[in-house]
Amino acid sequence: MANRKIGAQTVQLENRPYIIGRGNIGGKKEGEGPLADSFDQILDDDMFGEKSWEKAECKMLEAAMEKAMMRAQLKKENIDIMLCGDLINQIMTSSFAARDMHIPFLGLYGACSTMTESLVIGSMLVDGGFARSIIAGASSHFCTAERQFRMPVEHGNQRPTSAQWTATAAGAVVVSEWPHAIAKGMPVVRATEATIGKVIDAGIRDANQMGAAMAPAAVDTLLNHLQDTGRDIDYYDLVVTGDLGYIGKDIMADLLADAGLDKNKIFSHYDDCGTMLFSKEQDVHGGASGCGCSASVFAGKLLKDMEQGKYRRILLMSTGALLSTISPYQGESIPGIAHAIALEVE
Amino acid sequence: MALQISEEKNKEKEKQKKEIGKAYGKYAKQFTPRPKYFSNSVKAFIVGGLICTAALAVQNRLQAMGLSQKDAGTFVTIGLVALAQLLTGLGIFDVIAKHAGAGVIVPITGFANSMVAPAIEYKKEGPVLGTGAKLFSVAGPVLVCGISAATVVGIIYWFIEKF
Amino acid sequence: MEYLWAFIIGGIWCVIGQLLLDGTKLTAPRVLVIFVVTGVVLQALNLYQPIVDLAGNGATVPLPGFGYNLAKGAMEGAQKGFLEAITGPIKATAAGVAVAITFGYIVSLIFTPKSPKR
């Protein structure tokens, strides 16, 4: 039965599901960054006309999903399953969005790796014939995450140099068994393989060192993916991690070089969404983080670049740091996780 | 017997895990930019010093108006607390603190800010269990530790006085 | 001269705080607790009064000054009796704490949280 499994951790998506719709939305600060053009919508006010930050995040997720369905030319009724997650306690943002969307819903939590987690599971469901079309997404909001995990926004504290800035953003994609929305002859993105990552704990205890906490997991998943598929890193035009940020990206590159990968190839084929979303002048210290970071960069810039022919093959690896609001206080370390999905333009 | 061995193994595993964590933490530190110790300290020194000097000027002024030293000091504290809380409400305090750091956190202004900041953030959770409870999420520990320590000191001094 | 000492002593407390924040993993709330307890302990050993005599508000405005007031209240109360020793700390700081709570509550109820401007 399990004939689609290759190697230790990778599955082959035999029917190569199509990614036929994408939608993303960004907050004010994200809209001032280098990726401003790649957002479908940019908020003037991060409250988004709502009464609470949580409601605003929920509305953002819904807006990204509506846009993705519009591009896919599908109605809610045509979507079989909605898979998404966020960072807020018991993923209430996604649950409330699912309540409003009224689509069968699988809530997922993979911390900031949620975008790839939902995309991997969704693609597998479509590939296996369990669903015709699914929608996968993730969201995060600076103000909801910051008050939950760190300090209240108004609190007068200085952010350490390694601290990352939670992105106020959401992204969603529609994965389908057939590319109805895309005209014949036009480029279409398909999912080819997926690698499910293990939880890797390198023993980091500092909640302001997320990049360093997640990098070993990303390295582990990437090396396993390359081994399972028998590929080298330059098979992909771009290998992109979720939100390692500047520090995590450097660590990742260093660890990959240690593992025997060619340094020039790493340099020219690897990047991180957390270093793409903001410019260094925006004073975000370690770069961007949050579910919305990789979700909005992927559903915006990366897919757009693929459609326009800039990249033919991409390996998307969102990375998550697994901590709760209390686990660091109990002296627990912060393990990381990363999942990977290979995408190809046809 | 077997249980004991596995316990020992677990302990060893824990120890190993800790060592890996330490080594990796050190390795990760190479990639982390160091904080600007010197310029941060200079900024904190100047801002903190200025707040104290301004407080002294107001205190002298109040005393010249005829208030006792103790009362004048209390009014100065009240004024600083109220000002810091107002600035927090207006969303200005965190902008100042971003540059001044400990210069505004260590004076009583930091204590005042630490009460309003979480309280304002949890407004949507209601005036009792939201704002009311969160007013003490940071200030609570400060009051608990400070008052407990002082009470112990009081009792010890009472003992010394008595016997 | 008085002003100079207030500036220097107040500044030094802030520098210590800054170094604790930058150099260790201590977060702001922990630093606040450490400072207040330090003030209590120093005054209990009769070491803080000289600093206050020298620097005035430079010693009372930083958080160790809050600890100093708590301890001073306790020590003065202890001379009068057991109950006064216990009520002393809170009595000595009651005005500041009462205003911090009441005014803080009012401010929190009036203003709404904002997205960071930084």
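Notes on the structure follow.

Reading guide: rules and limits
Residues numbered from 1 in each chain as written. Chains lettered and ligands numbered in written order. Predicted model: local features only at pLDDT ≥ 70, side-chain atom pairs only at ≥ 80, totals over all residues. Heavy atoms only, no water. Disulfide = S-S within 2.5 Å. Phe/Tyr/Trp six-rings, centres within 6.5 Å; stacked < 30°, edge-to-face > 60°. Helix = DSSP H or I, 4+ residues; strand = E, 2+ residues; numbered from the N terminus. Buried < 20%, exposed > 50% of the residue type's maximum accessible area, 1.4 Å probe, protein only. Lys NZ or Arg CZ within 6 Å of the ring centre and 35° of its normal.

### Let's talk about the state of the cysteines
Residue and element names in this part refer to chain A. On inspection of all chains with the given rule, the structure shows zero disulfides over all chains. Left unpaired, Cys143 is separated from the closest cysteine sulfur, that of Cys291, by 16 Å. For Cys293, which is in no disulfide, the shortest distance to another cysteine sulfur is to Cys273 and amounts to 5.5 Å.

### Some remarks on the packing of aromatic side chains
By the definition in use, this model includes 13 aromatic pairs over all chains. Where Phe142(A) meets Trp165(A), the ring centres are 4.1 Å apart and the plane angle is 15°; that geometry is what we call stacked. Here Phe142(A), found in helix H5 (residues 142–149), pairs with Trp165(A), found in strand E8 (residues 165–166); they are 23 residues apart in sequence, far enough to count as distant. Classification of Phe142(A) by relative accessible area gives buried; the value is 3%. Given a relative accessible area of 4%, Trp165(A) falls into the buried group. Aromatic pair Trp158(B) and Phe159(B): ring centres 5.5 Å apart, planes at 80°, arrangement edge-to-face. With relative accessibility at 46%, the residue Phe159(B) sits in the partly exposed group. Clustering of aromatic rings is evident, with ring pairs tying together Trp158(B), Phe159(B), Phe163(B) and Phe82(C). Over the ring of Phe48(A) we find Lys59(A), and its NZ or CZ is 4.5 Å from the ring centre. Sitting above the plane of the Tyr235(A) ring, Arg313(A) keeps its charged end 4.0 Å from the centroid.

Read these as spatial facts, not as claims about activity.
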